Amino acid sequence: MRERSGWAMFVFFASGALGFLALRSASDPFFPLLSGLFGASGLLLALWEESSVPDQSSAKSRAVTPSKCARPVVLAIAAAVIVTMLPGLGPSQGLALVQSRQEKPRKYLLMTGAIQTIDVLLSLVTFVVLGRARNGAVVLIANQLGKITVSALLSLLGVCLLVGGIAAVVTLFLLPYYVRGIAYVEYRFLCVGVLCLL
């Protein structure tokens, strides 16, 4: 118990020192903080554990039919509505509310993307109705456009649908080439290259 208390105290003071130094030394501290705490740490862990790219199957064998999408999409909509109504909750908490331990990876990824997409769209609607932003993306859009009217909201929703449709078609087109090419990528070199960019 004492060892855990000592480790918890070390993490507490180290996180405080990191925040103090970051806020004092950089005009925009979020990029180095996020890239260091989440990006670089995950890449270093992958290098330490000598991770590799798993074998990729054909896209046809992993096709997601509408019947398989129904349950994850309904759960994602319910979670996004709950997250939007309750302050302090984000997509990750919403996913934890509706996710089961036996959830397959494909359904998990589907729910993750759906919750995040629906959360942003509902945040836009909330901002137009109540005048308050729930996340940073909406704040950035509001700073660029000023006041978001109903017509601007409809335009944004139309652009989202258009871009999402184009991205889906392009992804399905490029997926077979990606599946064949990713097997020849040296994962360690890829991690080192991304670390150098960070």
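Above this note sits the structure.
Just so it is clear, the model here is predicted, and its values are computed rather than measured. (Residues numbered from 1 in each chain as written. Predicted model: local features only at pLDDT ≥ 70, side-chain atom pairs only at ≥ 80, totals over all residues. Heavy atoms only, no water.)

## Some remarks on the packing of aromatic side chains
Thought 1: In total, this model carries two aromatic pairs according to the counting rule given.
Thought 2: With a centroid separation of 5.4 Å and 80° between ring planes, the pair formed by phenylalanine 12 and phenylalanine 13 is classed as edge-to-face. Like phenylalanine 12, the residue phenylalanine 13 is exposed in the burial classification.
Thought 3: Between the aromatic rings of phenylalanine 173 and tyrosine 177, the centroid separation amounts to 5.9 Å while the plane-to-plane angle is 55°, which identifies the pairing as tilted. A residue pair is termed a helical-turn pair when its members lie 3 or 4 positions apart in one helix, as phenylalanine 173 and tyrosine 177 do in helix H7 (residues 150–181) at four residues.
Thought 4: Under the relative-accessibility criterion, phenylalanine 173 is labelled exposed at 56%. (Phe/Tyr/Trp six-rings, centres within 6.5 Å; stacked < 30°, edge-to-face > 60°. Buried < 20%, exposed > 50% of the residue type's maximum accessible area, 1.4 Å probe, protein only. Helix = DSSP H or I, 4+ residues; strand = E, 2+ residues; numbered from the N terminus.)

## Focus: H7
Thought 1: Between the first and last C-alpha of H7 there are 45 Å, a value that for 32 residues agrees with the 46 Å anticipated at 1.5 Å per step.
Thought 2: Leucine 175 marks where H7 bends most, by close to 40°; the proline proline 176 follows one to four residues later.
Thought 3: Buried within H7 are the following residues: Leu153, Leu156 and Val179.
Thought 4: Those residues of H7 that are buried are in contact with helix H5 (105–130) and helix H6 (136–145). (Expected span 1.5 Å × (residues − 1). Bend = angle between axes of the 7 residues up to and from the residue. Contact = heavy atoms within 4.5 Å.)

Interpretation note: all reported values are geometric properties and have no functional meaning in isolation.
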